[in-house]
Amino acid sequence: MNIDITGITLMTPRLILRPFCMEDAADVFAYAKDADVGPMAGWAPHKDLVESERVVRMFMDGKKTFAVVHREDGNVIGSIGIEELSLLLPGYGDHNGREIGYVLSKSYWGQGLMPEAAKEVIRYCFEEAGCEYLICSHSAANHRSKRVMEKCGFTFVCEHPRTLTNGETSMAQYHVLLK
């Protein structure tokens, strides 16, 4: 199953979810340099704007990661991606399943914005992209991410080690949501 969000824009009451463009790099750097943001998702804080530009280019080339734009101020405040499965969960197979991952600027934590974004991406995955199930994972210490999954209806399935983008290995908790 191919995911390509080129030309796709999703709207929620407070957010616009759209493909990234290079002009988003400064906003990405503004949240990705925060020491409380990246490490919770398994990546090191961005050191400079050039690193954020590389990430934005990767998102653009991959065509599967939405920029999360706050409608009120127009800032890119995070991302939510529809990834290939990082783990084949027992009983689910690999057909028509995807994994979603997300990050949100610390300045916007605690406002219910990521569950709002995730629910719209879930709707898109099930109603438009042909997904039969979705998985999502978080490190045991990332209670905020776990709470987003609970609010979106995901159910805990298992724990499994995973290698993070920063090279570390940690135990991850995997959750699943069926169509």
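Every value quoted in this text rests on a predicted model; they were computed, and no experiment measured them.

What about the packing of helix α1 (residues 25-32) against helix α3 (residues 49-62)?
Here comes step 1: As a packed pair, α1 and α3 sit with axes 8 Å apart at the nearest point and diverge in direction by 115 degrees. In terms of axis orientation, α1 runs roughly perpendicular to α3. As for how α1 packs across α3, the hand of that crossing is right-handed. Residues A25, A26, V28 and F29 of α1 lie in contact with α3, whose contacting residues are L49, S52, E53 and V56.
Here comes step 2: For the contact of α1 with α3, the per-class residue count stands at 6 nonpolar, 1 polar and 1 charged.

Observations concerning the packing of aromatic side chains
Here comes step 1: All chains considered together, the criterion is met by 2 aromatic pairs.
Here comes step 2: Between the aromatic rings of F20 and F59, the centroid separation amounts to 4.9 Å while the plane-to-plane angle is 35 degrees, which identifies the pairing as tilted. Taken together, the positions of F20 in the loop between β2 (15-19) and α1 and F59 in helix α3 put the pair 39 residues apart, joining distant regions of the chain.
Here comes step 3: Under the relative-accessibility criterion, F20 is labelled buried at 6%.
Here comes step 4: Residue classification places F59 among the buried residues on the basis of a relative accessible area of 16%.
Here comes step 5: Ring centres of F66 and Y124 lie 6.0 Å apart, and the angle between their planes is 90 degrees; on these two criteria the pair is classed as edge-to-face. With a gap of 58 residues between them, F66 in strand β3 (residues 65-70) and Y124 in helix α4 (residues 113-127) connect regions that are remote in the sequence.

Let's talk about the nonpolar core
For soluble globular proteins, nonpolar side chains are generally found buried alongside one another.
Here comes step 1: In this structure, F66, I80, V121, I122, L134 and F154 are the most contacted members of the largest nonpolar core, which totals 32 residues.
Here comes step 2: Elements supplying a minimum of two residues to this core: β2, β3, β4 (76-83), β5 (97-104), α4, β6 (133-139) and α5 (143-151).
Here comes step 3: Take this core: its biggest share by element is 9 residues, from α4.
Here comes step 4: Excluding residues within four positions of it along the chain, F66 makes contact with I5, I8, L10, L17, R18, P19, F20, G78, S79, I80, I82 and V121.
Here comes step 5: Formed by 14 residues, the second largest nonpolar core is a distinct cluster that contains A25, V28, V37 and A67.

Examining α5
Here comes step 1: Considered for burial, the residues of α5 that qualify are S145, V148 and M149. Buried residues of α5 fall within an arc of 100 degrees about the axis and therefore sit on the same side.
Here comes step 2: The positive-phi residue at the C-terminal boundary of α5 is G153, with phi of around 95 degrees.

So, the environment of E128
Here comes step 1: Note that E128 resides in the loop between α4 and β6.
Here comes step 2: For E128, a relative accessible area of 49% translates into the label partly exposed.
Here comes step 3: Between the alpha carbons of E128 and P39 there is a distance of 32 Å; along the sequence they are 89 residues apart.

Thresholds applied
Residues numbered from 1 in each chain as written. Predicted model: local features only at pLDDT ≥ 70, side-chain atom pairs only at ≥ 80, totals over all residues. Heavy atoms only, no water. Axes fitted to C-alpha atoms, helices over the stretch in contact; angles between N-to-C directions. Helix = DSSP H or I, 4+ residues; strand = E, 2+ residues; numbered from the N terminus. Parallel < 35°, antiparallel > 145°, perpendicular 65-115°, else oblique. Left-handed = near helix turned anticlockwise from the far one by under 90°. Contact = heavy atoms within 4.5 Å. Nonpolar A, V, L, I, M, F, W, Y, C, P; charged D, E, K, R; others polar. Phe/Tyr/Trp six-rings, centres within 6.5 Å; stacked < 30°, edge-to-face > 60°. Buried < 20%, exposed > 50% of the residue type's maximum accessible area, 1.4 Å probe, protein only. Core = buried A, V, L, I, M, F, W, Y, C linked by side-chain atoms within 4.5 Å. Arc of directions from axis to C-beta.

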